[in-house]
Amino acid sequence: MTVTEETTPVSHYERIGGASSVKAAVELFYDKVLADPDLAGYFADVDMVGQRRHLALMLTVVLGGPNEYTGRGLAEAHQPLNIPVAHYAKVGEHLTVTLTELGVPADILADVQTVLADVQDQVVAAGTRPGV
């Protein structure tokens, strides 16, 4: 008699190690962002404990983990900041470098980069988008 098990696909979140790995990524990512003179100013008056928690929750969702995010939407949170494309790209680079340094597999990096491309218009100020 053979028993077959139905397997549930493992999420990217699980593959990278879950909550502890996401937290490590968020900590390293914000270390890089806050050390970047072009980006640090966006966070001058921000509660960074809360900010790190929000990003960890959002990154968890992006990676297919549990959705416990209840904060503002991306556009609502970012449009008042008038973020230019160049600064958005730098944030994406810092995230990619962070995930690479932590050993995140290439397929997961590619999926995160796809999400970054998909949400760019929600974050970048309208007047700074190419062709706008």
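Here the structure is a predicted model, which is why all the values come from computation and not from measurement.

About the criteria used
- Residues numbered from 1 in each chain as written.
- Predicted model: local features only at pLDDT ≥ 70, side-chain atom pairs only at ≥ 80, totals over all residues.
- Heavy atoms only, no water.
- Helix = DSSP H or I, 4+ residues; strand = E, 2+ residues; numbered from the N terminus.
- Expected span 1.5 Å × (residues − 1).
- Bend = angle between axes of the 7 residues up to and from the residue.
- Buried < 20%, exposed > 50% of the residue type's maximum accessible area, 1.4 Å probe, protein only.
- Contact = heavy atoms within 4.5 Å.
- Axes fitted to C-alpha atoms, helices over the stretch in contact; angles between N-to-C directions.
- Parallel < 35°, antiparallel > 145°, perpendicular 65-115°, else oblique.
- Left-handed = near helix turned anticlockwise from the far one by under 90°.
- Nonpolar A, V, L, I, M, F, W, Y, C, P; charged D, E, K, R; others polar.
- 1 Å grid on protein atoms, 1.4 Å probe; cavity = no way out; pocket = protein on both sides within 12 Å on 5 of 7 lines; lining within 4 Å.
- Points joined across faces, edges and corners; volume = space filled by probe spheres on them.
- Phe/Tyr/Trp six-rings, centres within 6.5 Å; stacked < 30°, edge-to-face > 60°.

Asker: Any chance you could explain helix α6 (residues 106-123) here in plain terms?
Answerer: Along an α-helix, residues three or four apart share an orientation, since each turn contains 3.6 residues. An ideal rise of 1.5 Å per residue puts 26 Å on 18 residues; α6 measures up with 25 Å between its terminal C-alpha atoms. A maximum bend of about 30 degrees is found in α6 at alanine 117. What α6 keeps buried is the set Ile108, Leu109, Val112, Leu116, Val119 and Val123. Where the residues of α6 are buried, they touch α1 (12-16), α3 (48-62), α4 (74-78) and α5 (85-101).

Asker: When you look at the packing of helix α2 (residues 19-35) against α5 in this model, what are you seeing that I'm missing?
Answerer: To characterise two packed helices, one gives the angle between the axes of the helices and the distance between these axes. The interhelical angle for the contact between α2 and α5, taken along N-to-C directions, is 135 degrees, at an axis separation of 9 Å. Judged by the angle between their axes, α2 and α5 are oblique. The hand of the α2/α5 crossing is right-handed. Counting all contacts with α2, which are made through Ala25, Leu28, Phe29, Lys32 and Val33, the residues of α5 involved are Val91, His94, Leu95, Val97, Thr98, Leu99 and Glu101. Class assignment of the residues belonging to the contact of α2 with α5 gives a composition of eight nonpolar, two polar and two charged.

Asker: Mind showing me how you'd approach the layout of surface pockets here?
Answerer: The method is simple in principle: a probe with the dimensions of a water molecule rolls over the atoms, and the space it marks as empty is what remains. Of the pockets and cavities examined, the largest pocket occupies roughly 980 Å³. Along the walls of the largest pocket sit 35 residues, with Gln51, Leu55, Met58, Leu74 and His78 positioned nearest its centre. Among the elements that line the lining of the largest pocket, the one with the most residues is α3, at eight residues. Of the residues assigned to the lining of the largest pocket, the class counts are 25 nonpolar, eight polar and two charged. Considered as a void within the structure, the second largest pocket measures approximately 160 Å³ in volume. Of the residues belonging to the lining of the second largest pocket, the class tally is seven nonpolar, one polar and five charged.

Asker: Honestly, the packing of aromatic side chains in this entry has me stumped. Any pointers?
Answerer: Two numbers describe a pair of aromatic rings. These are the distance of the centres and the angle of the planes. A full pass over the atoms with the stated rule returns two aromatic pairs. Measuring from ring centre to ring centre gives 5.6 Å for tyrosine 30 and phenylalanine 43, while their planes differ by 75 degrees; the resulting arrangement is edge-to-face. A residue pair is termed long-range when its members are at least 10 positions apart, and tyrosine 30 in helix α2 and phenylalanine 43 in the loop between α2 and α3 qualify at 13 residues. Summarising the burial analysis for this pair, tyrosine 30 and phenylalanine 43 share the class buried. Through successive ring pairs, a cluster of aromatic residues spans Phe29, Tyr30 and Phe43.

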